[in-house]
Amino acid sequence: MAGFPEVSRIQFEGTTSKNPLAFHHYDEDAVVEGKKMKDHFRFSVAYWHTMRGTGSDPFGPGTMIRPWEAAVDSVENACNRVRVGFEFMEKLGVPYYCFHDRDVSPEGKTLAESNRNLDAVVKVLKEEQQRTDIRLLWGTANLFSNRRYMHGAATSPNADSFAFAAAQVKKALEVTKELGGQGYTFWGGREGYFNLWNTDMKREIDHLAVFMRMAVDYAREIGFTGQFYFEPKPKEPTKHQYDSDSAACINFLRAYGLEKHVKLNIEANHATLAGHSMHHEIEYAAMQGMLGSIDANYGDLLLGWDTDQFPTDIYLTTQIMHTLLKYGGFSTGGLNFDAKVRRESFEPIDLFHAHIGGMDAFARGLKIAAAIRKDGALGKLLQERYRSWDSGIGAEIEGGQANFKTLEKYMLEQGDAAPVSSGRQEMIENIINMYL
Ligand code: XLS
Ligand code: NI
Ligand code: NI
């Protein structure tokens with residue numbers, strides 16, 4: 001099998017340890033704000049990157065050394081890879097994983113053959129889940145690699161591409177249910193366009209909604225009770241992805257009456273591609289009651305594409321954890337490392353370093369965010385900043401007792417607005433830095 005014989009279970013060794021193959025902050029049973037660290041994060045490994053990433057880029061082929069991979073992929077090889085994947089997750093101490101149908105098993109010549117391949121691998125996934133405590137956070141279908149999806153899947157101008165995608169998602173839902181998956185994710189894939197001259201945008205977006213509705217209906221029919229997620233991304237592969245950002249996704253879901261069934265799965269690198277911060281994207285989704293799950297990664301702003309790096313930036317993880325704590329944390333979702341080791345980090349051991357770094361960065365972010373909240377430093381400042389809404393005219397407006405006429409009357413009497421206060425932006429940023 002040749003997995004990771006040289007590595008044993010990664011241990012928490014604390015901040016004094018210099019062992020790179022140990023956690024320095026992630027202590028899974030340590031309690032923060034009344035909850036164990038592992039329950040705050042619900043860390044997940046992304047099968048497509050960790051087990052299938054080759055390191056190829058537009059300028060060269062794969063570089064990864066993966067001793068367990070056979071020269072030619074087969075169902076047998078895919079089954080063996082599952083065992084290696086579970087060995088990795090067990091040694092890392094991660095409770096969840098996520099996959100696309102085509103990451104775990106090879107695509108066949110026909111739909112029936114692909115389904116048979118998937119069934120064979122799912123058997124092993126199930127065995128491994130039973131052998132360990134590792135569970136499926138969410139499943140999904142790859143509706144973007146095969147050439148039949150070059151114009152999109154649910155939004156393809158070709159109805160057969162839509163039909164094939166539907167059959168694929170039907171099977172992926174069955175498999176997700178079979179494995180006790182807690183969710184199912186739709187990421188746009190190639191649902192979007194390059195050129196409006198050849199695109200009927202209205203028709204395509206209508207089709208996307210029909211597709212999701214069919215998925216929701218089928219889930220109900222087979223008794224799959226997991227949470228559906230929609231994953232925003234503004235571009236790549238297409239120029240305009242239809243699932244652009246949190247606000248656009250929520251608008252789409254509400255416009256088509258899907259908001260009761262689908263929440264968002266938000267990815268840090270997609271947020272920055274959209275010209276937002278991750279902090280903005282999760283806060284926006286959470287305030288709308290739509291934050292479901294997170295794809296944890298980080299994008300290099302100088303490169304400007306979806307670099308999917310492991311998150312090591314404490315400022316970013318602090319922001320994410322601060323918003324999560326504020327809104328009560330995950331229920332079905334988790335932090336899925338939708339991240340890949342660099343092409344130059346080609347040895348199996350690099351997979352451990354990458355995930356350990358991400359988990360430790362989030363553990364630090366959690367501790368920092370909890371400390372900020374404990375002292376109430378920001379809370380007090382915010383309360384003060386919005387004080388004018390707590391009584392008087394502010395309370396009347398919020399209470400729905402004011403209108404343009406009463407407000408004009410009020411201002412005619414006042415003569416001018418009361419003086420505004422300083423935003424104290426720099427002071428607040430300095431306060432945050434005191435906790436880092
Ligand atoms: C690609 C997406 C993808 C989804 C799952 O950019 O992040 O990996 O998370 O289809
Ligand atoms: Ni993702
Ligand atoms: Ni991505």
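Refer to the preceding data block for the structure.
Summarised in this report is the structure supplied together with it.

Criteria and cut-off values
- Note on numbering: residues in each chain are counted from 1, in written sequence order.
- Chain labels run from A onward and ligand labels from 1 onward, assigned in the order the entries are written.
- Given that the model is predicted, a residue must reach a pLDDT of at least 70 before its local features are reported, and side-chain atom pairs must reach 80 or more before they are shown or counted; all residues, however, enter totals for whole chains, interfaces and linings.
- To get the side-chain values, take all heavy atoms of the structure and skip hydrogens and water.
- Throughout, near means a residue has at least one heavy atom within 4 Å of the molecule or strand.
- Polar contact is defined as a pair of N or O atoms within 3.5 Å, subject to the rule that within protein one atom must be able to donate a hydrogen and the other to accept it, and that residues adjacent in sequence are counted only when both atoms are side-chain atoms.
- Here, Shrake-Rupley sampling with a 1.4 Å probe gives the accessible areas, and only protein chains in the shown set may cover a residue.
- Only Asp, Glu, Lys and Arg are considered charged in this grouping, and only Ala, Val, Leu, Ile, Met, Phe, Trp, Tyr, Cys and Pro are considered nonpolar; every other residue, Gly among them, is considered polar.
- In summary, the pairing rule links any two rings of Phe, Tyr or Trp, Trp by its six-membered ring, whose centres are within 6.5 Å, and it sorts them by plane angle into stacked for under 30 degrees, edge-to-face for over 60 and tilted for everything else.
- Each helix is a run of H or I in the DSSP string that is no shorter than four residues. Each strand is a run of E no shorter than two, and both are numbered from the N terminus.
- Each residue is placed in one exposure class: buried if its accessible area under a 1.4 Å probe, protein chains only, is under 20% of its type's maximum, exposed if it is over 50%, and partly exposed if it falls in between.
- Both a distance and an angle decide whether a charge sits over a ring: NZ of Lys or CZ of Arg must be within 6 Å of the ring centre and within 35 degrees of the ring normal.
- Expected span, for any helix, means 1.5 Å times one less than how many residues it has.
- Any two residues whose heavy atoms approach within 4.5 Å are treated as being in contact.
- Here a donor is any nitrogen, oxygen or sulfur atom (N, O, S) within 2.8 Å of the metal, with 3.2 Å used for Na, K and Ca; water is not among the atoms considered, so some sites may look incomplete.
- Site shape is set this way: if four donors have all angles between 85 and 135 degrees, tetrahedral; if opposite donors are over 155 degrees apart and all others between 65 and 115, square planar for four donors and octahedral for six; otherwise irregular.
- Within this scheme, the nonpolar core is defined by two criteria: the residues are buried Ala, Val, Leu, Ile, Met, Phe, Trp, Tyr or Cys, and they are joined through side-chain atoms within 4.5 Å.
- Buriedness for pockets is judged along seven lines, at least five of which must meet protein on both sides within 12 Å for an open set on the 1 Å grid over protein atoms alone, while cavities are sets there where a 1.4 Å probe fits but cannot get out, and lining residues have an atom within 4 Å of a point.
- Grid points are joined across faces, edges and corners, and a volume is the space filled by probe spheres set on the points.
- Grouping into patches uses exposed residues only, defined as over 30% relative accessible area, and leaves out salt-bridged ones; the cut-off is 9 Å for like charges and 5 Å for nonpolar side chains (Val, Leu, Ile, Met, Phe, Trp, Tyr).
- What counts as a salt bridge is simple: a side-chain nitrogen of Lys or Arg found within 4 Å of a carboxyl oxygen of Asp or Glu.
- Should DSSP find at least two bridges between two strands, the strands are taken to pair.
- By convention a crossover is right-handed if, when the strands point away from the viewer, the path from the first strand over the helix to the second runs clockwise.

A few words now on the site of ligand 1. Neighbouring ligand 1 are Trp48, His100, Trp187, Glu231, Lys233, Glu267, His270, Asp295, Asp306 and Asp338. Separating an oxygen atom of ligand 1 from a side-chain N or O atom of Trp48 is a distance of 3.3 Å. Contact distances for ligand 1 include 2.7 Å between an oxygen atom and a side-chain N or O atom of Glu231. Within the complex, 94% of the 290 Å² of free accessible area of ligand 1 lies under protein. Along the lines of polarity and charge, the residues of the shell around ligand 1 split into 2 nonpolar, 2 polar and 6 charged.

What follows concerns the packing of aromatic side chains. A full pass over the atoms with the stated rule returns 25 aromatic pairs. Note on Phe4 and Phe88: the rings are 5.4 Å apart at their centroids and 45° apart in plane angle, and the pair reads as tilted. Note that Phe4 is positioned in the segment before strand E1 (11-12) and Phe88 in helix H3 (residues 75-92), a separation of 84 residues in sequence. Phe88 shares its class with Phe4; the two are buried. With a centroid separation of 5.3 Å and 70° between ring planes, the pair formed by Phe86 and Tyr97 is classed as edge-to-face. Here the residue Phe86 occupies a position in helix H3, and Tyr97 occupies one in strand E6 (residues 96-100), the gap between them amounting to 11 residues. Note on accessibility: Phe86 and Tyr97 belong to one class, buried. A connected cluster of aromatic rings, assembled from ring pairs, spans Phe23, Tyr26, Phe41, Phe43, Phe310, Phe337 and Phe362. Just above the ring of Tyr149 sits the side chain of Arg148; from NZ or CZ to the centre is 5.2 Å.

Turning to helix H11 (residues 314-326), a few remarks are in order. Compared with the 18 Å implied by 1.5 Å per residue over 13 residues, the 18 Å span of H11 between its first and last C-alpha is a close match. Regarding H11, the residues found buried are Ile314, Leu316, Thr317, Thr318, Ile320, Met321, His322, Thr323, Leu324 and Leu325. Buried residues belonging to H11 abut helix H1 (37-41), helix H10 (278-287), strand E13 (291-295), strand E14 (335-337), helix H12 (348-375) and helix H13 (377-385). For H11, the N-terminal cap is Asp313; the gap from its side-chain oxygen to the backbone nitrogen of Tyr315 is 2.9 Å.

Another point: the coordination of the nickel ion (ligand 2). The protein atoms donating to the nickel ion (ligand 2) are Glu231 (OE), Glu267 (OE), Asp295 (OD) and Asp338 (OD), with metal-donor distances spanning 2.0 to 2.1 Å. Geometry at the nickel ion (ligand 2) is octahedral, judged from its 6 donor atoms and the angles of 82 to 173° they form at the metal. Positions of the donor residues of the nickel ion (ligand 2), expressed as sequence spacing, correspond to E-x35-E-x27-D-x42-D.

With 101 residues, the main nonpolar core has Phe41, Leu125 and Phe230 as its most contacted residues. Considering every element that reaches this core, the biggest residue donor is H12, with 11 residues. Ignoring sequence-local partners within four residues, the contact set of Leu125 consists of Val82, Phe86, Tyr97, Phe99, Val104 and Leu179. If you look at the next biggest cluster of nonpolar residues, it comprises 7 residues, including Trp48, Tyr96, Leu137 and Trp138.

A separate point is the coordination of the nickel ion (ligand 3). Six octahedral donors around a metal ideally make angles of 90 or 180 degrees; four tetrahedral donors ideally make 109.5 degrees. Within the protein, Glu267 (OE), His270 (NE2) and Asp306 (OD) serve as the donor atoms for the nickel ion (ligand 3), at 2.1 to 2.4 Å. One chain supplies every donor for the nickel ion (ligand 3), spaced along it as E-x2-H-x35-D. Distance-wise, the nickel ion (ligand 2) is placed 4.0 Å from the nickel ion (ligand 3), both being coordinated by Glu267. For Glu267, a relative accessible area of 2% corresponds to the buried category.

Turning our eyes to something else, we now look at empty space enclosed by the protein. Counted by the stated rule, this structure contains 1 cavity of 30 Å³ or more. Size it by volume and the largest cavity reaches roughly 130 Å³. The wall of the largest cavity is formed by 16 residues, among which Leu143, Thr185, Phe186, Trp187 and Gly188 lie closest to the centre. When contributions to the lining of the largest cavity are tallied by element, the ones reaching two or more residues are strand E8 (183-187) and helix H7 (201-222). It is E8 that provides the largest number of residues to the lining of the largest cavity, a total of 4 residues. For the lining of the largest cavity, the residue count by class is 11 nonpolar, 4 polar and 1 charged.

Okay, a nonpolar patch on the surface next. Residues Leu382, Tyr386, Trp389 and Ile397 make up a contiguous nonpolar surface patch of about 380 Å² in total accessible area. Tracing the sequence through the fold places Tyr386 in the loop between H13 and helix H14 (392-398).

This part is about the side chain of Thr155. With respect to the helices, strands and loops of the structure, Thr155 is situated in the loop between strand E7 (135-140) and helix H6 (159-178). Side chain to side chain, Thr155 and Glu191 meet in a polar contact 2.6 Å long. With residues near it in sequence (within four places) discarded, Thr155 still touches Arg190, Glu191, Gly192, Glu204, Leu208 and Tyr242.

What follows is about the pairing of E13. With 5 of 5 residues buried, E13 is to be regarded as a mostly interior element. Relative to E13, strand E12 (residues 262-267) runs parallel, the two being bridged by 4 bridges. From the neighbouring strand, Leu264 faces E13, where its bridge partner is Leu291. Bridge count for E13 against E14 is 2 bridges, and the pairing is parallel. When the sheet's bridge partners are listed, Asp295 is paired in E14 with Asn336. In this fold, the crossover linking E13 to E14 by way of H11 has right-handed handedness.

Nothing here speaks to function; it is geometry throughout.
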